[in-house]
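What the coordinates show
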Amino acid sequence: MSGWVPAMKKALDKRPPPPRMPQAHGNLMLAYGEIRTKQGEKFGERLKGLFTNEHFFNSLATSHDIHLGSVYNYDFINSIQGHLIESAIMTQPGMLELLPAMPSYLPSGTLTGIKGRNRTTIQKLEWDLNIGTITCEFTSDIDQELQLIVRSGM
């Protein structure tokens, strides 16, 4: 699996950052790639671009293009929660990874009630990178062994 990560990082580096990538959905797809390749700072910059390039109409619906340059498009508003969750918790069968791609400008936070793809439920994840702590409370629907991976210099 590790062979594709350098190639994916190289491909992501060739893609334009916001605002040169004006479409919300294009940025969202690239953001998932940045999360999956553990590039928290690049994901963080893309996230900032999405939130600061006027994608939100007064109704809180989101625009397809920056500066409200197009029609309503719900890609952004309906998927950003998943991006934020996956930057904090990544699950696969047999694995639970904490803070895989957390931007440094989000040094602390709490998530509750996240259902993982490994049949776990994360009741609470709380982190404070300023003091170097992570607390994770979770349960599993089945008896299983999990590899725990912790990122962000912890």
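These lines cover the structure that appears in this document, whether it is placed above or below. Nothing here was measured: the structure is a model prediction, and the numbers come from that model. Along each chain, residue indices are assigned from 1 in the same order as the chain's sequence is written. Since the coordinates come from a predicted model, pLDDT governs what is reported: local features require at least 70, and pairs of side-chain atoms require 80 or more to be given and counted, while whole-chain, interface and lining totals use all residues. As a rule here, side-chain values come from all non-hydrogen atoms in the structure, and water together with hydrogens is ignored.

Over its 13 residues, helix α3 (residues 40–52) extends 18 Å from the first C-alpha to the last, a length consistent with the 18 Å expected when each residue adds 1.5 Å. The contact criterion used throughout is that any non-hydrogen atoms of two residues lie within 4.5 Å. Going along the chain from the N terminus, every DSSP run of H or I of four or more residues is numbered as a helix, and every run of E of two or more is numbered as a strand. In this fold, the buried residues of α3 make contact with α2 (24–36) and α4 (75–88). Backbone geometry just after α3 places Glu54 at a positive phi near 55°. Given the number of residues in a helix, its expected span is that number minus one, multiplied by 1.5 Å.

Time to look at unusual backbone geometry. Phi at Lys38 is positive, roughly 65°, even though this residue is not glycine. Here Lys38 is to be found in the loop between α2 and α3. Lys38 sits in the partly exposed class, given a relative accessible area of 29%. Phi at His67 takes a positive value of approximately 55°, unusual for a residue other than glycine. Looking at the element boundaries, His67 is found in the loop between α3 and α4. When a residue's accessible area, from a 1.4 Å probe over protein chains only, is under 20% of the maximum for its type it is buried; when over 50% it is exposed; and in between it is partly exposed.

Structurally, the position occupied by Phe138 is in strand β5 (residues 133–140). Placed 29 residues apart in sequence, Phe138 and Gly109 show a C-alpha to C-alpha distance of 17 Å. Apart from residues lying up to four places away in sequence, Phe138 is in contact with Leu96, Thr120, Thr121, Ile122, Gln123 and Leu146.

Attention now moves to the packing of α2 against α3. Following both chains from N to C, one finds α2 and α3 inclined at 160°, their axes separated by 9 Å at the closest point. Judged on the interaxial angle alone, α3 and α2 are roughly antiparallel. Crossing angle aside, the handedness with which α2 passes α3 is left-handed. Residues Ala24, Asn27, Leu28, Leu30, Ala31, Glu34 and Ile35 of α2 form the contact with α3, whose participating residues are Lys42, Phe43, Arg46 and Leu50. Throughout, the ten residues Ala, Val, Leu, Ile, Met, Phe, Trp, Tyr, Cys and Pro are labelled nonpolar, Asp, Glu, Lys and Arg are labelled charged, and all others, Gly among them, are labelled polar. The residue makeup of the contact of α2 with α3, split by class, is 7 nonpolar, 1 polar and 3 charged. Angles run from 0 to 180 degrees between N-to-C directions of axes, and those axes are lines fitted to C-alpha atoms, restricted for helices to the stretch in contact. Orientation is classified from the angle alone, with under 35 degrees giving roughly parallel, over 145 giving roughly antiparallel, 65 to 115 giving roughly perpendicular, and any other angle giving oblique. Take the far helix as the reference: if the near one is turned anticlockwise from it by less than a right angle, the crossing is left-handed, and if turned clockwise, right-handed.

Moving on, we get to the sheet that holds strand β4 (residues 120–128). Hydrogen bonding along the main chain pairs the strands of a sheet, whether they run parallel or antiparallel. Judged by pairing direction, the sheet is antiparallel, and its 3 strands sit side by side in the order β3-β4-β5 without closing on themselves. Unpaired on one side and paired on the other, β3 (108–115) and β5 mark the two borders of the sheet. Ignoring which end each strand starts from, the neighbouring axes of this sheet average 5° apart. Here, any two strands with at least 2 DSSP bridges between them count as paired.

The next thing to look at is the pairing of strand β1 (residues 89–92). Here 4 bridges tie β1 to strand β2 (residues 95–98), and the two strands are oriented antiparallel to one another. Across the sheet, residue Thr91 finds its bridge partner in β2, namely Leu96. Between β1 and β2, which pair antiparallel in sequence order, lie 2 residues; one of them, Gly94, sits at a positive phi of approximately 80°.

Below, the discussion takes up the nonpolar core. By size, the foremost hydrophobic cluster in this structure holds 11 residues: Ala24, Leu28, Ala31, Ile35, Phe43, Leu47, Leu50, Phe76, Ile80, Met90 and Ala101. Where this core is concerned, the elements lending two or more residues are α2, α3 and α4. Take this core: its biggest share by element is 4 residues, from α2. Take the buried residues of types Ala, Val, Leu, Ile, Met, Phe, Trp, Tyr and Cys, join any two whose side-chain atoms come within 4.5 Å, and each joined set is a nonpolar core. One finds Leu98, Met102, Ile122 and Leu125 within the second-largest nonpolar core, a separate group that totals 10 residues.

Everything listed here is a matter of coordinates, which is why it stays silent on function.
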